[in-house]
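# Notes for the structure review
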Amino acid sequence: MPPIAYITRKETLSACHRLHSLTLSDEENKRIFSKCNNPNGHGHNYTVEVTLKGPIDPDNGMVANIADLKKYMQVAIMDTMDHKNLDKDVPYFKDVVSTTENVAVFIWQGIKAQLPDPSMLYEVKVYETDKNIVIYRGE
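As annotated in an unreviewed UniProt entry, the protein carries the name 6-pyruvoyl tetrahydrobiopterin synthase and is attributed to Cloeon dipterum. Under the Sequence similarities (unreviewed entry) heading, UniProt states for the protein: "Belongs to the PTPS family." Recorded in UniProt under Pathway (unreviewed entry), the annotation for the protein is "Cofactor biosynthesis; tetrahydrobiopterin biosynthesis; tetrahydrobiopterin from 7,8-dihydroneopterin triphosphate: step 1/3."

This is the structure:
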């Protein structure tokens, strides 16, 4: 049986959003999300890491071609979210609060849909700031 390895690619994007739930009152939104509920929104320079897991192919020495992963990330992340207002420009967030947790789920779904073997997707890690990080593994 070939050894199992993990490959990770990183991208950085800039996007703005407003943390605001349509199911909560304005007062509840302000209490829960504080300054992140600013009606004009706020922005982040997100760093996203996508990790694939699989056996190392004995013929080419790779788990997957990193160039393919770069293309998948371009479609799922950069073309969709970079320099966008997540709440207004990304239909997924019309009714979903654009927390970093939900951003990670959105990216997971976008990457998984493109993979020839979706079971290879191991992890999506989103750095909202240097101190705030979300990890999603499809659970």
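## Considering the pairing of strand β4 (residues 121-127)
Most of β4 is tucked away, with five of its seven residues classed as buried. The pairing of strand β2 (residues 42-55) with β4 spans six bridges and is classified as antiparallel. Residue pairing across strands places leucine 52 opposite leucine 121, the latter belonging to β4. When β4 meets strand β5 (residues 133-136), the two strands line up antiparallel, connected through four bridges.

## What to know about the pattern of salt bridges
Summed over the entire model, instances satisfying the criterion amount to two salt bridges. For glutamate 11, the salt bridge identified is with arginine 9, shortest N-O distance 3.1 Å. Look at glutamate 11 and you get buried, because its relative accessible area is 15%. Assessed through its relative accessible area of 23%, arginine 9 is described here as partly exposed. For glutamate 123, the salt bridge identified is with arginine 137, shortest N-O distance 2.5 Å.

Conventions and cut-offs
- Residues numbered from 1 in each chain as written.
- Predicted model: local features only at pLDDT ≥ 70, side-chain atom pairs only at ≥ 80, totals over all residues.
- Heavy atoms only, no water.
- UniProt positions renumbered as here; feature names shortened; annotations may be inferred.
- Buried < 20%, exposed > 50% of the residue type's maximum accessible area, 1.4 Å probe, protein only.
- Helix = DSSP H or I, 4+ residues; strand = E, 2+ residues; numbered from the N terminus.
- Pairing = 2+ DSSP bridges.
- Salt bridge = Lys/Arg side-chain N within 4 Å of Asp/Glu carboxyl O.

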